[in-house]
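Read off the chains here:
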Amino acid sequence: MPCRVTTLTRAAPDVAIVQLQLPANEVFRYRAGQYVEFLLRDGSRRSYSIANAPHTQTAAPGIELHIRHMPGGKFTDHVFGAMQAKEILRLEGPFGSFFVRDDSDLPMVLLASGTGFAPVKAIIDHLEHLGSTRAATFYWGCRTRADLYQLDWAQAAAARLPWLAFVPVLSEPRPEDAWSGRTGLVHHAVMADLPDLSDHQVYACGAPAMVDAAQRDFVARCGLPADEFYADAFTSEADKH
Ligand SMILES: Cc1cc2nc3c(=O)[nH]c(=O)nc-3n(C[C@H](O)[C@H](O)[C@H](O)COP(=O)(O)OP(=O)(O)OC[C@H]3O[C@@H](n4cnc5c(N)ncnc54)[C@H](O)[C@@H]3O)c2cc1C
């Protein structure tokens, strides 16, 4: 379907938040956590996770995307260069298996790196809208403080929702970050806090290296049943060559 860029804001030096207006005459149905694909002029496609929950469609049909600049990248060079409000794009969706399985009441680990935050935000908003009380801990891993581009949102959600805990983790904090929180690899923080994952469900989203390492280590070292790991890895052209 066609969509139109309504706003384009910079949440961090290399993260853009793009709001897209969808056609008003059809309802776009998706599950919180899923993604859409842009169809580029040359026929290639680029995937982005939807950051807002489905119930928001009733007010104004539109989706929010969090897009990280990959220098030299075909689509994100455009987003961070020439893209402006009112631009028309073509997208298809929804896709993806990164959505909460509501036939389980196991406690959840929501694990994100970088802009993997976007679908987790949609999931938390969705669970709040449903009045869910299912326990969830959200681990968000980034390199530096600036990369935690909506830290306030996540902290406020955890303060508001008794079932939600939030653990931000920085892998490369800079001295000026004055960071007193957790450090290291985000999936290692999960393993330190939850050495036994045999009674958990894990939802992981973001950098392929993080998703792969989490899947491997949680199953091999923390007893996570292999079929309780759900993920969308943000693979790009760089990972395919
Ligand atoms: C399911 C899914 C969901 C996603 N969700 C998000 C999201 O919510 N937010 C987000 O920011 N990203 C997301 N991504 C990643 C996104 O789809 C793009 O891959 C990313 O934005 C890069 O697109 P691009 O066109 O700018 O770069 P590309 O053109 O794909 O290039 C990516 C990088 O690889 C380099 N490169 C290009 N071609 C080659 C080559 N032949 N050899 C080596 N290097 C090469 C480029 O210089 C660039 O640095 C998601 C990916 C998937 C699969």
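The preceding data block contains the structure.
Below, the structure is looked at part by part. (Residues numbered from 1 in each chain as written. Predicted model: local features only at pLDDT ≥ 70, side-chain atom pairs only at ≥ 80, totals over all residues. Heavy atoms only, no water.)

It is worth spelling out the overall build of the protein at this point. A count of helices and strands for the protein gives six helices and twelve strands. Relative to the globule expectation of 18 Å for 241 residues, the C-alpha radius of gyration of the protein, 18 Å, shows essentially globular dimensions. Taken over the C-alpha atoms alone, the protein extends approximately 50 × 40 × 35 Å along its principal axes. Across the 241 residues of the protein, 49% fall into the buried class. Sequence-distant contacts, at least 24 apart, represent 70% of the contacts inside the protein between residues at least 6 apart. Roughly 11,600 Å² of accessible area belongs to the protein as shown, and the carbon and sulfur atoms make up 51% of that amount. Side chains of the protein carry 22 positive and 28 negative charges; the gap between the two charge centres is 7 Å. (Helix = DSSP H or I, 4+ residues; strand = E, 2+ residues; numbered from the N terminus. Rg over C-alpha atoms; globule rule 2.2 N^0.38 Å. Buried < 20%, exposed > 50% of the residue type's maximum accessible area, 1.4 Å probe, protein only. Contact = heavy atoms within 4.5 Å. Areas by Shrake-Rupley, 256 points an atom, 1.4 Å probe, with all protein chains shown as cover. Lys, Arg positive; Asp, Glu negative; His and termini not counted. Charge placed at Lys NZ, Arg CZ, Asp CG, Glu CD.)

Moving on, we get to unusual backbone geometry. Most peptide bonds adopt trans geometry, and most residues besides glycine take a negative phi value. The omega torsion of the bond from Gly 93 to Pro 94 falls at 0 degrees, within 30 degrees of zero and hence cis. Looking at the element boundaries, Pro 94 is found in strand S6 (residues 88–95). One non-glycine residue, Lys 86, lies in the positive phi region at around 85 degrees. Looking at where Lys 86 falls in the secondary structure, it is placed in the loop between helix H1 (74–79) and S6. Note on Lys 86: relative accessible area 62%, which makes it exposed. Unlike most non-glycine residues, Ala 178 shows phi in positive territory, near 45 degrees. Here Ala 178 lies in the loop between strand S9 (164–170) and strand S10 (182–183).

Moving on: the pattern of salt bridges. Scanning the entire structure with this criterion turns up 14 salt bridges. Across the salt bridge formed by Glu 176 and Arg 174, the nearest N and O atoms sit 3.7 Å from each other. With a closest N to O distance of 3.9 Å, Arg 221 and Asp 217 form a salt bridge. Residue Arg 221 and its partner Asp 217 are both found in helix H5 (residues 208–222); the two are separated by four residues, about one turn of the helix. (Salt bridge = Lys/Arg side-chain N within 4 Å of Asp/Glu carboxyl O.)

On to the packing of aromatic side chains, then. This structure, assessed with the given rule, holds 14 aromatic pairs. Both rings, one in Phe 38 and one in Tyr 48, keep their centres 5.8 Å apart while their planes meet at 50 degrees; by these two values the pair is tilted. Within this pair, whereas Phe 38 is found in strand S3 (residues 35–39), its partner Tyr 48 is found in strand S4 (residues 45–49), the two being separated by ten residues in sequence. When sorted by exposure, Phe 38 lands in the same class as Tyr 48, which is buried. Here Phe 38 and Phe 75 contribute two aromatic rings whose centre-to-centre distance is 5.0 Å and whose plane-to-plane angle is 35 degrees, an arrangement assigned as tilted. (Phe/Tyr/Trp six-rings, centres within 6.5 Å; stacked < 30°, edge-to-face > 60°.)

Attention now moves to the sheet that holds strand S11 (residues 201–206). Overall, parallel pairing links the six strands, which are arranged S10-S9-S8-S7-S11-S12 in an open sheet. Single-partner strands in this sheet number two, and they are S10 and strand S12 (229–233). Pairing of strand S8 (residues 136–142) with S9 involves seven bridges; the strand directions are parallel. From the neighbouring strand, Phe 138 faces S9, where its bridge partner is Phe 166. Its contacts with the sheet place H5 against strand S7 (108–113), S11 and S12, and it is angled at close to 165 degrees to S12. (Pairing = 2+ DSSP bridges. Axes fitted to C-alpha atoms, helices over the stretch in contact; angles between N-to-C directions.)

Okay, the packing of helix H4 (residues 186–193) against H5 next. Between H4 and H5, whose axes approach to 9 Å, the crossing angle comes to 20 degrees. Put simply, H4 runs roughly parallel to H5. For H4 against H5, the interelement crossing comes out right-handed. Two secondary-structure elements touch here, H4 through Val 186, His 187, His 188, Val 190 and Met 191 and H5 through Met 210, Ala 213, Ala 214, Asp 217, Phe 218, Arg 221 and Cys 222. Looking at the contact of H4 with H5, its residues break down into eight nonpolar, two polar and two charged. (Parallel < 35°, antiparallel > 145°, perpendicular 65-115°, else oblique. Left-handed = near helix turned anticlockwise from the far one by under 90°. Nonpolar A, V, L, I, M, F, W, Y, C, P; charged D, E, K, R; others polar.)

This paragraph deals with the nonpolar core. Judged by nonpolar contacts, the single largest core of 32 residues is most densely connected at Leu 110, Ile 124, Phe 138, Trp 140 and Leu 164. Counting residues per element, the ones that place at least two in this core are strand S2 (15–21), S7, helix H2 (117–130), S8, helix H3 (151–160), S9 and S11. Broken down by element, this core gets its largest block of residues, six residues, from H2. Setting aside anything within four residues of it in sequence, one finds Phe 138 in contact with Leu 110, Ala 112, Phe 117, Val 120, Ile 124, Ala 154, Leu 164, Ala 165, Phe 166 and Val 167. Core analysis: the next-biggest nonpolar cluster, separate from the first, contains 22 residues, Val 5, Phe 28, Tyr 30 and Leu 89 among them. (Core = buried A, V, L, I, M, F, W, Y, C linked by side-chain atoms within 4.5 Å.)

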